[in-house]
Amino acid sequence: VQLLERHTGHTKLPHPGQRFLEDARAVLVSFDQACQNARLAERGELGELKIGFMMHAAFTVVPRITRGFLASYPQVKLQLMEAIPSALPDGILGGRFDAGIMFPIGRIRGLDFRAIHSERLCLAIPSGHRLAGAARIKPRSLQGEALIAAPEDVSPPLREAIEGWLRAAGIAPVIRLETQLQQTIVSLVAEKLGIALVPESMKKLGLAGVEFRPL
């Protein structure tokens, strides 16, 4: 293909040469962009990030972290995926998530943990319950009360904290119902099916028919 036409005193680009010049310039621009993208990706400023989180973290750290991350890394596509706590470690190890927001669950080979948030437990009770007027709840106040809680295999640290708080005072926990999600637990409390020890962030649900008391 003839790219140049040489004449006396000047050179002219025929149509094939003009096309080649335009495409060559586009290649150089793409190459420069590829180099820049590689540098951005190395710094974590370009690409995709998949974060799994336990549902009730949406009421605590997830909005704040998401807002800060999007402001700092606008070119990263962020995917947030809810999951039950027990599913998060396998999701990270299996590559479904890059990281997860969950309860601390001890040492797991291949995972590293960093504390980013902590909160207290509180008591969720139906409106009109005998403890509704209590300023602060002591373990002995729950003697014989039917509790609603997440199964131990779903969130072991939370279950351990609940039962440990009671047993330390010599109170045997009475678990009437088990369900996976904290939101569901609070909904069952509102229906007067039991009471529950839940993270304080569950107050943000604003669900009618349920009150919260500090421990």
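Residues numbered from 1 in each chain as written. Predicted model: local features only at pLDDT ≥ 70, side-chain atom pairs only at ≥ 80, totals over all residues. Heavy atoms only, no water.

With the rule as written, the count across this model stands at one aromatic pair. Measuring from centroid to centroid gives 4.9 Å for Phe69 and Tyr73, while their planes differ by 35 degrees, and the two rings are tilted. The exposure class assigned to Phe69 is buried, which follows from its relative accessible area of 18%. (Phe/Tyr/Trp six-rings, centres within 6.5 Å; stacked < 30°, edge-to-face > 60°. Buried < 20%, exposed > 50% of the residue type's maximum accessible area, 1.4 Å probe, protein only.)

Let us look at the sheet that holds strand β9 (residues 196-199). Reading across from one edge, β9-β6-β10 is the order of the three strands in this open sheet, with antiparallel pairing throughout. Each edge of the open sheet carries a strand with a single partner, namely β9 and β10 (210-214). Taken over all neighbouring pairs, the strand axes of this sheet differ in orientation by 40 degrees on average, direction set aside. Bridge count between strand β6 (residues 121-126) and β9: four bridges; the pairing is antiparallel. Within β9, the position partnered with Leu121 by the bridge is Pro199. Taken strand by strand, helix α4 (residues 156-167) contacts β6 and β9, and its axis lies near 130 degrees from that of β9. Lying over the sheet, helix α5 (residues 182-190) contacts β6, β9 and β10, oriented at roughly 140 degrees with respect to β9. (Pairing = 2+ DSSP bridges. Helix = DSSP H or I, 4+ residues; strand = E, 2+ residues; numbered from the N terminus. Axes fitted to C-alpha atoms, helices over the stretch in contact; angles between N-to-C directions. Contact = heavy atoms within 4.5 Å.)

On inspection of all chains with the given rule, the structure shows nine salt bridges. The shortest N-O distance in the salt bridge between Arg114 and Asp112 comes to 3.1 Å. Residue Asp112 is classed as exposed on the basis of its relative accessible area, which comes to 59%. Three or more residues are tied together by salt bridges with common partners; here these are Arg159, Glu163, Arg167 and Glu178. (Salt bridge = Lys/Arg side-chain N within 4 Å of Asp/Glu carboxyl O.)

This next bit is on a nonpolar patch on the surface. A cluster of nonpolar side chains, Val1, Leu3, Leu4 and Phe20, forms an exposed patch at the surface whose accessible area comes to about 410 Å². Inspection of the secondary structure assignment puts Leu4 in the segment before β1 (5-7). What makes Leu4 partly exposed here is its relative accessible area of 38%. (Patch = residues over 30% accessible without salt bridge, like charges linked within 9 Å, V, L, I, M, F, W, Y side chains within 5 Å. Areas by Shrake-Rupley, 256 points an atom, 1.4 Å probe, with all protein chains shown as cover.)

Side chains of nonpolar character tend, in soluble globular proteins, to be buried together. Grouped together as the largest cluster of nonpolar side chains are 29 residues, with contacts concentrated most on Ala57, Ile101, Leu123 and Leu142. Breaking this core down by element, the ones donating at least two residues are β3 (47-54), α2 (61-72), β4 (76-83), α3 (88-93), β6 and α4. Apart from residues no more than four positions distant in its own chain, Ile101 is found in contact with Ile51, Gly52, Phe53, Met54, Ala57, Val61, Val62, Ile65, Leu88 and Ile116. Ranked by size, the runner-up nonpolar core spans 13 residues in total, among them Ala124, Val186, Val198 and Val210. (Core = buried A, V, L, I, M, F, W, Y, C linked by side-chain atoms within 4.5 Å.)

Now for the side chain of Arg213. Here Arg213 shows up in strand β10. Here Ala132 takes part through its backbone oxygen, which lies 2.4 Å from a polar atom of the side chain of Arg213. Looking at Arg213, its side chain comes within polar contact range of the main-chain oxygen of Ala134, at 3.2 Å. Ignoring sequence-local partners within four residues, the contact set of Arg213 consists of Cys122, Leu123, Ile125, Leu131, Ala132, Ala134 and Ile137. (Polar contact = N/O pair within 3.5 Å; in protein donor to acceptor, adjacent residues only side chain to side chain.)

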